[in-house]
Amino acid sequence: MIKLSKRQDEILEIVKQNGPITGKEIADKLSLSRAALRPDLAILTMSGNIDARPRVGYFYNENFKVKRTAEKYLQQKVNNYKAHPIVVGKSISVYDAIVQLFLEDVGTLYAVNSEGHLAGVISRKDLLRASLGNSNLSELPVSVIMTRMPNIITISPEESLLEAAKKMIQNHIDSLPVVRDVDGQENTYLLVGRITKTTITRAYLEMMEEKSD
Ligand code: ADP
């Protein structure tokens, strides 16, 4: 974000109070020539603080502050918002996974292999699908029904909440495992957290609360 100069702040205030206002009217208020004002107006317009409409004049961009605050929040690192992942072994049964889902009050479980690396994602729908027409859920291992590596969409702790939101929306999924690479091994990850759509909603609420302070 660009730090505004004192004069740019003054112009912004004039536009806020009087907009739409022409360049000439702003110049008159500041006892300056239009030419002297031009670079500052260009900066304020390019940065999105104000908008210009031909033959109408300059006016304050109401959405600018909201958008900037939203950007600030969504640029926060996944690491600062990630929740604890609920992990199960990939050989546990679908029945036990359902029990675990209720006990932990989550929508998604993550399966790990014997080395502790991420092996699968088990969502509510996966468990419901497995329950249809399967009478012996205690005998059915989750490894048969889960979404497996390398089809798992992951996010790293250093990426932003904006990246996380995009990945969830683009892939139609409710959550992402937060992972770290295991030195250079392809598709081998250590699970360090989870990000859900609720995480994004919480960040949004924090933003709104800060705004109304
Ligand atoms: P729900 O089943 O509660 O609607 P999701 O929308 O997250 O939850 O899951 C939909 C499907 O996408 C499921 O089959 C699940 O295994 C899969 N899935 C969930 N998260 C991921 C992910 N991070 N990467 C790949 N597939 C996923």
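See the structure shown above.
Being a predicted model, the structure only gives us computed values, none of them experimental. (Residues numbered from 1 in each chain as written. Predicted model: local features only at pLDDT ≥ 70, side-chain atom pairs only at ≥ 80, totals over all residues. Heavy atoms only, no water.)

Novice: I keep staring at unusual backbone geometry and nothing clicks. Help me out?
Specialist: Glycine aside, residues mostly have negative phi angles, and peptide bonds mostly take the trans form. At the junction of Gly19 and Pro20, the peptide bond is cis and its omega measures out at 0° in the coordinates. With respect to the helices and strands, Pro20 occurs in the loop between α1 (6–18) and α2 (23–29). Here the amide bond leading from Met149 into Pro150 is cis, since omega sits at 5°, within 30 degrees of zero. Locating Pro150 in the fold gives a position in the loop between β6 (147–148) and α8 (161–171). Despite not being glycine, Arg55 has its phi angle at roughly 65°, a positive value. Of note, Arg55 is situated in the loop between β1 (50–53) and β2 (57–60). Take Arg55: its relative accessible area is 86%, and that puts it in the exposed class. A positive phi angle, near 55°, is found at Asn187, a position not held by glycine. Turning to its location among the elements, Asn187 is positioned in the loop between β7 (175–181) and β8 (189–196). For Asn187, a relative accessible area of 36% gives the class partly exposed. (Helix = DSSP H or I, 4+ residues; strand = E, 2+ residues; numbered from the N terminus. Buried < 20%, exposed > 50% of the residue type's maximum accessible area, 1.4 Å probe, protein only.)

Novice: Explain the pairing of strand β5 (residues 118–123) here, please?
Specialist: Within a regular strand, side chains alternate between the sheet's two faces. The buried fraction of β5 amounts to five of the six residues, a majority that puts the element mostly inside the structure. Counting the residues between successive antiparallel strands, the hairpin from strand β4 (residues 108–112) to β5 contains five residues, one of them, Gly116, with a positive phi of roughly 85°. Two elements, β5 and β6, share two bridges in a ladder whose sense is antiparallel. Residue pairing in the sheet places Val121 in a bridge with Thr147 of β6. (Pairing = 2+ DSSP bridges.)

Novice: What am I meant to see in the sheet that holds β6 here?
Specialist: The strands making up a sheet associate through backbone hydrogen bonding, with each pair oriented either parallel or antiparallel. In spatial order, the strands read β3-β4-β5-β6; together these four strands make up an open sheet with mixed pairing. Edge strands, defined here as strands with exactly one partner in the open sheet, are β3 (87–89) and β6. Sheet topology note: the β3/β4 ladder contains three bridges and is parallel. From the neighbouring strand, Val88 faces β4, where its bridge partner is Ala111. Lying on the sheet, helix α6 (residues 124–131) is in contact with β5 and β6; it crosses β5 at an angle near 75°. (Contact = heavy atoms within 4.5 Å. Axes fitted to C-alpha atoms, helices over the stretch in contact; angles between N-to-C directions.)

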